[in-house]
Every structure is written in C-alpha cells, then in structure tokens.
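Topology and contacts: notes
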Amino acid sequence: NAGVTQTPKFQVLKTGQSMTLQCAQDMNHNSMYWYRQDPGMGLRLIYYSASEGTTDKGEVPNGYNVSRLNKREFSLRLESAAPSQTSVYFCASSETAQETQYFGPGTRLLVL
Amino acid sequence: QQPVQSPQAVILREGEDAVINCSSSKALYSVHWYRQKHGEAPVFLMILLKGGEQKGHDKISASFNEKKQQSSLYLTASQLSYSGTYFCGTEIREDSGYALNFGKGTSLLVTP
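Read on for an overview of the structure. The structure displayed is predicted, hence computed values, not measured ones.

About the thresholds
Residues numbered from 1 in each chain as written. Chains lettered and ligands numbered in written order. Predicted model: local features only at pLDDT ≥ 70, side-chain atom pairs only at ≥ 80, totals over all residues. Heavy atoms only, no water. Contact = heavy atoms within 4.5 Å. Buried area = accessible area lost by both parts, 1.4 Å probe. Salt bridge = Lys/Arg side-chain N within 4 Å of Asp/Glu carboxyl O. Polar contact = N/O pair within 3.5 Å; in protein donor to acceptor, adjacent residues only side chain to side chain. Helix = DSSP H or I, 4+ residues; strand = E, 2+ residues; numbered from the N terminus. Buried < 20%, exposed > 50% of the residue type's maximum accessible area, 1.4 Å probe, protein only. Disulfide = S-S within 2.5 Å. Phe/Tyr/Trp six-rings, centres within 6.5 Å; stacked < 30°, edge-to-face > 60°. 1 Å grid on protein atoms, 1.4 Å probe; cavity = no way out; pocket = protein on both sides within 12 Å on 5 of 7 lines; lining within 4 Å. Points joined across faces, edges and corners; volume = space filled by probe spheres on them. Nonpolar A, V, L, I, M, F, W, Y, C, P; charged D, E, K, R; others polar.

As for the interface of chain B and chain A
Opposite the 22 residues of chain B that make contact, chain A presents 20 residues. Between chain B and chain A the total buried area reaches about 1700 Å² when both faces are included, carbon and sulfur atoms providing 59% of it. Where chain B meets chain A, there are 0 salt bridges. Taken together, chain B and chain A are joined by 3 residue pairs in polar contact (both at pLDDT 80 or more). Of all the secondary structure elements, the ones that give two or more residues to the side of chain B that touches chain A are strand 4 (28-36), strand 5 (43-48) and strand 9 (84-92) of chain B. For the side of chain B that touches chain A, the leading source of residues is strand 4 of chain B, giving 4 residues.

Let's talk about the environment of Val43(B)
Residue and element names in this part refer to chain B. Relative to the elements of secondary structure, Val43 occurs in strand 5. Remark: the alpha-carbon pair of Val43 and Tyr74, spanning 31 residues in sequence, is separated by 17 Å. With residues near it in sequence (within four places) discarded, Val43 still touches Trp33, Tyr34 and Arg35.

Regarding the pattern of salt bridges
All names here are of chain A. Within the structure shown, the criterion is met by 3 salt bridges over all chains. For Asp38, the salt bridge identified is with Arg36, shortest N-O distance 2.9 Å. The same class applies to Asp38 as to Arg36, namely buried. Arg77 serves as the salt-bridge partner of Glu79, at 3.2 Å between the closest nitrogen and oxygen. Within this structure, Arg36, Asp38 and Arg44 form a network of salt bridges that share partners.

Digging into the state of the cysteines
Residue and element names in this part refer to chain A. Across all of its chains, the model carries 2 disulfides over all chains by this definition. A sulfur-sulfur separation of 1.8 Å characterises the disulfide bridge that pairs Cys23 with Cys91. The S-S bond linking Cys23 to Cys91 shows a torsion near -70°; that makes this disulfide left-handed. Of the two residues, Cys23 sits in strand 3 (residues 19-25) while Cys91 sits in strand 9 (residues 87-94), which places them 68 residues apart along the sequence. The class of Cys91 is buried, set by a relative accessible area of 0%.

Section: the packing of aromatic side chains
Each pair of aromatic rings is reported with the distance of its centres and the angle of its planes. All told, the structure shown has 9 aromatic pairs over all chains when counted by the stated rule. Seen from their ring centres, Tyr35(A) and Phe102(B) are 5.4 Å apart, and the 80° between their planes marks the pair as edge-to-face. Within this pair, whereas Tyr35(A) is found in strand 4 (residues 31-38), its partner Phe102(B) is found in strand 10 (residues 101-102), the two belonging to separate chains. The buried category is assigned to Phe102(B), whose relative accessible area is 2%. Note on Phe90(A) and Phe103(A): the rings are 6.3 Å apart at their centroids and 85° apart in plane angle, and the pair reads as edge-to-face. Separated by 13 residues along the polypeptide, Phe90(A) in strand 9 and Phe103(A) in strand 10 (residues 102-103) bring together distant segments of the chain. The same class applies to Phe90(A) and to Phe103(A), which are both buried. Through pairs of rings, three or more aromatic residues link up here, namely Tyr33(A), Tyr35(A), Phe90(A), Phe103(A), Tyr34(B), Phe44(B) and Phe102(B).

Some details on the layout of surface pockets
The gaps of empty space that remain are located by a probe, the size of a water molecule, rolled over the atoms. Considering only enclosed or pocket space, the largest pocket measures out at about 410 Å³ in volume. The wall of the largest pocket is formed by 22 residues, among which Gln37(A), Gln36(B), His38(B), Gly39(B) and Thr85(B) lie closest to the centre. Those elements that place two or more of their residues in the lining of the largest pocket are strand 4 and strand 9 of chain A together with strand 9 and strand 11 (106-111) of chain B. In terms of residue class, the lining of the largest pocket is built from 6 nonpolar, 11 polar and 5 charged.

Coordinates in, geometry out; function isn't part of it.
Printed below as a string of structure tokens:
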C-alpha cells in the first residue's frame, strides 16, 4: 500500500519547456488535488478533481492543465514553464472533501 | 477565501503550551488541521465538522467555533517532536463538498 506517489521527485526546466507531473493513489479515493507550496504562501490549490471525469480550477490555475486519467491517476501539465512556476508541487487524495487528505512526497521544480 | 492563521511563528521551550488560531471571512462547514515537517509532506492531525466540536489526541486538541468562523489548535506540554509548520484547511459552506482552502501556516519551534 504505497498511498500517494508522485513522479518525478526533482526536475529542472528551462523557460518555455513543457512537462507533466504524475500522481497516483492506491486508496480508491474519489477526490484528488494539486497544490503548489511557496515560502510564506502556504498550500495553494491549483486544480482538483472531485470525482473521476471531473476537474475544476482552484486558486491558482493559470499556466497549468490537468487530466484525471482514471480513478487512480491525476496529472498536472505545464505547457510552457515560467520561472514563477518554480515551487514544490504536492498531489493529495481523499475520499471526499470532508475527509482526510493524504499527500504525496512532493515534486521540487526549478524553472530557469 | 484563504483563512488567516495567527501567529505566523512561535518559539516554545519544551513543556510550554501554544495556541494557533485560524479565522475565515466566510461561514465554514469544516476545519482540517495538518502538520508539516521540514522537507516532508503535510500530515493530517484532525478534522472538526460541527460547530462547538472539540477533538484531541495525545496533547494536541482543537476547537471549532462556527459562529465566530474560527478554529483553534491547542498544543499542551509541547514536545520537541511538535516542531513544524501547522496549517488549517477550511471548507466554506457555500462550496461544501469540493475543496479546502489552506492558510499560510504557523511555524512552531520547540527548543530543549
């Protein structure tokens, strides 16, 4: 039982490059989330998926796209990376919004 | 919609008590508390679902004042292991069932 897994753990990109952050959970949860964490800013929600087949924008969606590939997987794509997207990205999952969120280990992204 | 946490940071000696507050400008459906150690993912502490509810385990407890739209986390007889950043996540009533809004966090350092 791995919980929530994220790949890659670290990534360095040049401005303008694209990449996809992968997230998978093995707890059969309905809801999945993508957050970014910057110093002093807390956790800010980028996108979430309340259930398989649905996705919604969070607080800071600009520059990102998501895909809920199936119930297990929720990916985050940066189409054209910018230095402002340098951050730590966390994926999380929960049965519903009212229940515990389980976080993945995070992806540290540096955009040069 | 981001809740406001106070204080931003606190330093305690082992055995001392602390209170962390979380306030919202909107009516709340639930409040979640998480702790994050440096370089790690946030870890769930507790959820409060009903106004007036109080919960606790070990020497960490929390209360939820629905009328005041706020929650408080109480750490008593602090231990070195309590060090970390504490986040509250709020589920506002009008968006119930969808996603949490996290505060910027309160950094807690417990010293010997």
